[in-house]
Amino acid sequence: MWNLFFSLVLSASYGSTLRYKSVERIKAVGKHSLIGASGEFSDFQEILRYLDELTLSDHMWDDGNSLGPKEVHSYLTRVMYNRRNKFDPLWNSLVLGGVKKGPKGEEKYLGMVNMIGTHFEENHIATGFGNHLAIPILRAEWCEDMTFEEAVKLVEKCLLVLLYRDRSSINKFQIAKITTEGATIYPPYSLKTHWGFAAFENPSKGAVGSW
Amino acid sequence: MFRNQYDTDVTTWSPAGRLFQVEYAMEAVKQGSACVGLRSRTHAVLAAANKAASELSSHQRKVFRVADHAGVALAGLTADGRVLSRFLRSECINHAFVYDAPLPVSRLALRLADKAQVCTQRSWKRPYGVGLLVAGLDESGAHLYYNCPSGNYFEYQAFAIGSRSQAAKTFLERKFKGYDDYTPDQLIRDALSAIKETLQGEKLTSSNCTLAIVGRKDDGTVEPFEMIDAKRVQEIIDSMEAAEETPVAAAEPSSTQEEDKGTDAAPMDI
């Protein structure tokens, strides 16, 4: 039984200011997929509208066929790449994942596409600083048959590193999971952090003297 | 149908609510040589009776592969059919480019039907004079659609179009209820038998029929749409004829039995 996992920080920025602190950046797409985005939030909202149209007309067919994660990813890749070629990009990095029952059994899919149309499929995907801080951890510690709890632990490990090291993150996260039964987006929560280091005590200690 | 004052162009209704030009276009389909389509839950088969303009020429091509997962057999104005096949191929390729997945057959049939409908509602156009049997495979199984010059389309378990297709339809009506569970081989045999009905006495050989199949095996692998080659078609025809002769031979123990190379049914022991 395949699970696919998404996790992100619940924030949206205004330039470099972290302005909105309860923004959900993961959404379910159709019956089989989840999409997560970083970058320009308004462009993500536009992408969600495109996906709404797509999934609605697919649903209205009611013919036993449904859009799987591979199809949605391919569609988004075409949209992103086309916009880039018109010098009018949708300024996002999108992560697309899902599980769909195929004729050969359950097929899981995880891929990403970014604002210039670069797209690929992989067992672990990250955007922004996640590429630098989280991917090395995932490459070392991910394996094919993890349980749900093991996966959450691994993902939390990555989130914690990002929380400590990425200046534009906050301690408010959300996890989403998708299986053949459907998508579950869990409520936001925080991780325990430790700031009790000696160097943080009395921070103005070394501040004597001129600039 | 007789000539009347409402049949000059397609944009004129008759008082009885008919569009005669569209109906005349459907007559053109009935003039074409026969095509037959049948499907099970997992496979769809198309067969066509080949017709050559003369002994000197090659046979008119009637079965076209539209995509790996779909193909058509047509009856009527084959030039129109060729153009529509090109359209269907284009639709499938465009869908595959955007979605990296095969275009579901019902949606393909709809696009074709919408295209045909346009020609029934423009004063500067004429309806396409070709009927198409669209066979294909998608997530929900194997499908067979018949697209008509009127822009109508229906899904079928089995169907026949073209000249003398009624004989084939009568044959199919007797047997179609079991088709869902048929094996591909059984479908092929019934398709050939149906085509044989339309030949009205002429001998069925691999040179006067074309056969194509698409489907999904039990393990999930897709068998893409392809024409079955003439040699194999002839083998199947031969084995069908041998199977027909076998019960006769069993009744007369002293009669000689011809040895057929393609026979898989062994003669009964007496």
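Residues numbered from 1 in each chain as written. Chains lettered and ligands numbered in written order. Predicted model: local features only at pLDDT ≥ 70, side-chain atom pairs only at ≥ 80, totals over all residues. Heavy atoms only, no water.

- As recorded in an unreviewed UniProt entry, chain B goes by the name Proteasome subunit alpha type, listed as coming from Zizania palustris.
- Reading the Subunit (unreviewed entry) entry of the UniProt record for chain B gives the comment "The 20S proteasome core is composed of 28 subunits that are arranged in four stacked rings, resulting in a barrel-shaped structure. The two end rings are each formed by seven alpha subunits, and the two central rings are each formed by seven beta subunits."
- Here chain B is described in UniProt, under the heading Function (unreviewed entry), as follows: "The proteasome is a multicatalytic proteinase complex which is characterized by its ability to cleave peptides with Arg, Phe, Tyr, Leu, and Glu adjacent to the leaving group at neutral or slightly basic pH." (UniProt positions renumbered as here; feature names shortened; annotations may be inferred.)

- An unreviewed UniProt entry lists chain A under the name Proteasome subunit beta, with Zizania palustris as the source organism.
- Taken directly from UniProt, the Subcellular location (unreviewed entry) text for chain A runs: "Nucleus".

1. Focus: the interface of chain B and chain A
Argument step 1. Each partner contributes to the interface: chain B provides 16 residues, whereas chain A provides 16 residues.
Argument step 2. Between chain B and chain A, roughly 1,500 Å² of surface is buried when both sides are summed, and carbon and sulfur atoms account for 52% of that area.
Argument step 3. Contact with chain A buries area across many residues of chain B, yet Tyr 99, Arg 107 and Glu 139 of chain B alone supply 43% of it, more than any other trio.
Argument step 4. If you look at where chain B meets chain A, you find three salt bridges.
Argument step 5. Taking the shortest distance from any N to any O, the salt bridge between Asp 63 of chain A and Arg 107 of chain B comes out at 3.2 Å.
Argument step 6. Summed over the shared surface of chain B and chain A, the result is twelve residue pairs in polar contact (both at pLDDT 80 or more).
Argument step 7. Within the residue set of the side of chain B that touches chain A, elements represented by two or more residues are helix 2 (78-99) and helix 3 (105-118) of chain B.
Argument step 8. Looking at the side of chain B that touches chain A, its residues break down into six nonpolar, four polar and six charged. (Contact = heavy atoms within 4.5 Å. Buried area = accessible area lost by both parts, 1.4 Å probe. Salt bridge = Lys/Arg side-chain N within 4 Å of Asp/Glu carboxyl O. Polar contact = N/O pair within 3.5 Å; in protein donor to acceptor, adjacent residues only side chain to side chain. Helix = DSSP H or I, 4+ residues; strand = E, 2+ residues; numbered from the N terminus. Nonpolar A, V, L, I, M, F, W, Y, C, P; charged D, E, K, R; others polar.)

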